[in-house]
Amino acid sequence: MSATPEPTRRLTVTDIARLHADGTRIAMLTAYDFPTARLLDEAGIPLILVGDSLGEVMLGYDSTVRVTMAEMLHHTKAVVRGTERALIVGDMPFLTYATVDEALEHAGMFLQEGGAQAVKVEGGVRSAKIVEALVRSGIPVMGHIGWTPQAKHGMGGKVRVQGKSVEQARALLHDALAIQEAGAFSIVLELVPGQLAAAITERLRIPTIGIGAGAGCSGQVLVITDLLGLGSFVPRHARPYAHLREEILEAATKYAADVAAGTFPGPEETVRMDDIVLEEALGRGHLDRPADVVAGGIPLDRDL
Ligand code: KIV
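Residues numbered from 1 in each chain as written. Predicted model: local features only at pLDDT ≥ 70, side-chain atom pairs only at ≥ 80, totals over all residues. Heavy atoms only, no water.

A. Region of interest: the overall build of the chain. A tally of regular secondary structure across the chain gives 12 helices and eight strands. Its C-alpha atoms give the chain a radius of gyration of 27 Å, more than 25% over the compact-globule value 19 Å for 304 residues. Projected onto the principal axes, the alpha-carbon positions of the chain cover approximately 95 × 50 × 45 Å. The burial tally for the chain puts 43% of its 304 residues in the buried class. Contacts in the chain between residues at least 24 apart in sequence constitute 56% of all its contacts with a sequence separation of at least 6. (Helix = DSSP H or I, 4+ residues; strand = E, 2+ residues; numbered from the N terminus. Rg over C-alpha atoms; globule rule 2.2 N^0.38 Å. Buried < 20%, exposed > 50% of the residue type's maximum accessible area, 1.4 Å probe, protein only. Contact = heavy atoms within 4.5 Å.)

Structure representation (structure tokens):
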């Protein structure tokens with residue numbers, strides 16, 4: 001007798017904690033649209049982040065700072081519609097969580113309107129009160145420390161590995177602990193030296209999700225366009241598992257050549273109709289007399 005398969009259900013932060021407790025390394029990816037989210041869900045990716053990297057990789061902005069709440073919600077809804085199992089994390093855009101009231105309002109929108117199950121907030125000690133208020137209101141939060149793109153103007157503007165000096169390393173450890181104690185269910189470590197990320201991971205109960213932070217984290221996250229090789233360059237920390245940029249370029253070039261040569265569409269991509277019916281429609285059928293051409297046939301422009 002075969003067991004009835006369990007219906008697919010959405011993962012929760014408790015499932016993520018269980019995966020972590022079991023020693024499973026957690027794979028997170030970003031997604032911004034329905035078809036990609038559907039494929040990632042099918043691939044079994046447990047955590048999908050609708051990152052504000054959306055701004056740079058999908059919308060063509062020069063920085064994540066430009067991304068609005070409306071844009072994030074639009075894309076979060078598409079990702080939620082495309083998934084049944086993955087836990088969806090909505091990335092709180094720049095300045096939407098400057099105060100507790102603003103944070104509650106906007107995080108609430110991610111869950112209520114967007115359909116996400118959690119939000120991500122950048123910042124360590126400076127964001128701990130916000131994280132605490134969100135968690136106390138029942139909103140699961142993922143933290144994000146190290147290189148935090150929304151604060152780039154305050155961090156010298158250039159993307160840089162964080163935590164290389166004694167003071168910076170200590171500050172990052174404090175940040176991580178503050179976010180954990182505020183109740184976050186996990187924390188992204190972005191562009192942190194591998195040994196420091198491993199040391200932070202060892203000291204936390206919650207899983208760390210690394211990006212450019214080495215293999216010592218509890219899990220990893222990649223921006224989907226880096227994973228798929230869709231961007232014009234690959235960041236040092238990323239590994240392209242596909243080369244879609246070349247594939248798309250090749251496909252579009254071949255298509256344009258086939259259209260120009262008249263070889264697309266071919267017979268197999270074309271629907272045919274009964275030739276006799278067409279002859280009749282054009283007024284050239286055996287039943288057509290000259291009067292019928294005007295009554296039922298379709299005259300050519302030049303005959304009008
Ligand atoms: O916006 C994003 O994609 C992110 C990840 C890089 C963690 O914040």
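B. Up close: helix α4 (residues 69-81). If you check α4, its first and last C-alpha atoms are 18 Å apart, about what 13 residues at 1.5 Å a residue would give, namely 18 Å. Inspection of α4 places M69, E71, M72, L73, H75, T76, A78, V79 and V80 among the buried residues, and these make up the whole buried set. Tucked inside the fold, the buried residues of α4 contact α2 (34-42), β2 (47-50), α3 (54-57), β3 (87-91) and α5 (100-114). (Expected span 1.5 Å × (residues − 1).)

C. Just the packing of α5 against helix α6 (residues 128-136), in detail. Running from amino to carboxyl end, α5 crosses α6 at an angle of 50 degrees, the nearest separation of the two axes being 9 Å. Judged on the interaxial angle alone, α6 and α5 are oblique. Note on packing geometry: the crossing formed by α5 with α6 is right-handed. Note on element contacts: α6 touches α5 through K129, I130, A133 and L134, opposite V100, A103, L104 and A107. Broken down by class, the residue content of the contact of α5 with α6 amounts to seven nonpolar, no polar and one charged. (Axes fitted to C-alpha atoms, helices over the stretch in contact; angles between N-to-C directions. Parallel < 35°, antiparallel > 145°, perpendicular 65-115°, else oblique. Left-handed = near helix turned anticlockwise from the far one by under 90°. Nonpolar A, V, L, I, M, F, W, Y, C, P; charged D, E, K, R; others polar.)

D. Inspection of the packing of aromatic side chains at higher detail. Applying the stated rule across the entire model yields one aromatic pair. Considering the side-chain rings of Y255 and F264, the 5.8 Å spacing of their centres and the 65 degrees angle between planes classify their relative orientation as edge-to-face. Between the NZ or CZ atom of R66 and the centre of the ring of Y61, over which it lies, the distance is 5.0 Å. (Phe/Tyr/Trp six-rings, centres within 6.5 Å; stacked < 30°, edge-to-face > 60°. Lys NZ or Arg CZ within 6 Å of the ring centre and 35° of its normal.)

E. Region of the structure containing the pairing of strand β7 (residues 208-211). Of the two faces of β7, the one carrying T208 and G210 and the one carrying I209 and I211 are both buried. The pairing of strand β6 (residues 186-190) with β7 spans four bridges and is classified as parallel. Bridging across to β7, I187 finds its partner in T208. For the handedness criterion, the β-α-β arrangement of β6, helix α8 (residues 194-203) and β7 is classed as right-handed. (Pairing = 2+ DSSP bridges. Right-handed = clockwise from strand over helix to strand, strands pointing away.)

F. Highlighting the domain arrangement of the chain. By domain assignment, the chain separates into domain 1 (13-240) and domain 2 (250-297). For domain 1 and domain 2, the distance between their C-alpha centres works out to 54 Å. (Domains from an automatic or database assignment.)

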